[in-house]
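Spelled out, the chains give:
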Amino acid sequence: ANMLEGSSRMLAQQHDRVDTIWPPGEMAFTALLSRFDATLTLAASLQVLLSLLVPLMVADVARQLTNRRGFWFGLMAASGHIGFIHYVGFFLSEELFQVATTAAIWLSTTAICSTTVGRQSPRLSVLLSVSAGALWGLAALFRPNALPVVLAWSVTLFALGVRARR
């Protein structure tokens, strides 16, 4: 079944058929927004807005890990990456998965880098870390591919931290 049919079933509360291929994140998102706007203009507009934030988050991660030039390189690379712009406007799990995963990467990096530099209080660091974990969970609701991504990003940040200490 496609995502819009699944969303319709969620709204109608018909639980006679269960989708098992992908988690219900996209269908729940679309069903929730279709309650406010049956034309799905609101859902599509929100997806476009969220996808515009992806290059900015990628660029900020590059800035945090490198320098100001890294920001501009990250912004150019993410803005031209077909994977970030191809799904815009389609009701597929990939779009929100990419946004949630990028936001989780950005927030994880922000939590670790700001703590390392000592720019934030311990309470704010804990709040950022817990929020990053919640975003990783949200990303997994859209696609299970988030689980290996969080492992790979954790190893990457750990390796960068070890290298920076030398």
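See above for the structure.
Residues numbered from 1 in each chain as written. Predicted model: local features only at pLDDT ≥ 70, side-chain atom pairs only at ≥ 80, totals over all residues. Heavy atoms only, no water.

**Student:** Describe the nonpolar core, with residues and values.
**Tutor:** If you look at the biggest cluster of nonpolar residues, it comprises ten residues: Phe-29, Leu-33, Leu-40, Ala-43, Leu-96, Phe-97, Ala-100, Ala-139, Phe-142 and Ala-146. If you list the elements that add at least two residues to this core, you get α2 (25-36), α6 (93-117) and α7 (122-142). Per-element tally for this core: the top contributor is α6, with three residues. Counting residues in hydrophobic clusters, the runner-up holds six residues, among them Val-61, Ala-104, Ile-105 and Trp-136. (Core = buried A, V, L, I, M, F, W, Y, C linked by side-chain atoms within 4.5 Å. Buried < 20%, exposed > 50% of the residue type's maximum accessible area, 1.4 Å probe, protein only. Helix = DSSP H or I, 4+ residues; strand = E, 2+ residues; numbered from the N terminus.)

**Student:** I'd like to hear about the packing of helix α3 (residues 41-65) against helix α4 (residues 68-80), residue by residue, with values.
**Tutor:** Relative orientation of the contacting elements α3 and α4 amounts to 150°, with a least axis distance of 7 Å. As judged from the angle between their axes, α3 and α4 are roughly antiparallel. The interaxial crossing formed by α3 with α4 has right-handed handedness. Across the interface between the two elements, Pro-55, Leu-56, Val-58, Ala-59, Asp-60, Ala-62 and Arg-63 of α3 pack against Gly-70, Phe-71, Gly-74, Leu-75, Ala-78 and Ser-79 of α4. When grouped by side-chain class, the residues that make up the contact of α3 with α4 number eight nonpolar, three polar and two charged. (Axes fitted to C-alpha atoms, helices over the stretch in contact; angles between N-to-C directions. Parallel < 35°, antiparallel > 145°, perpendicular 65-115°, else oblique. Left-handed = near helix turned anticlockwise from the far one by under 90°. Contact = heavy atoms within 4.5 Å. Nonpolar A, V, L, I, M, F, W, Y, C, P; charged D, E, K, R; others polar.)

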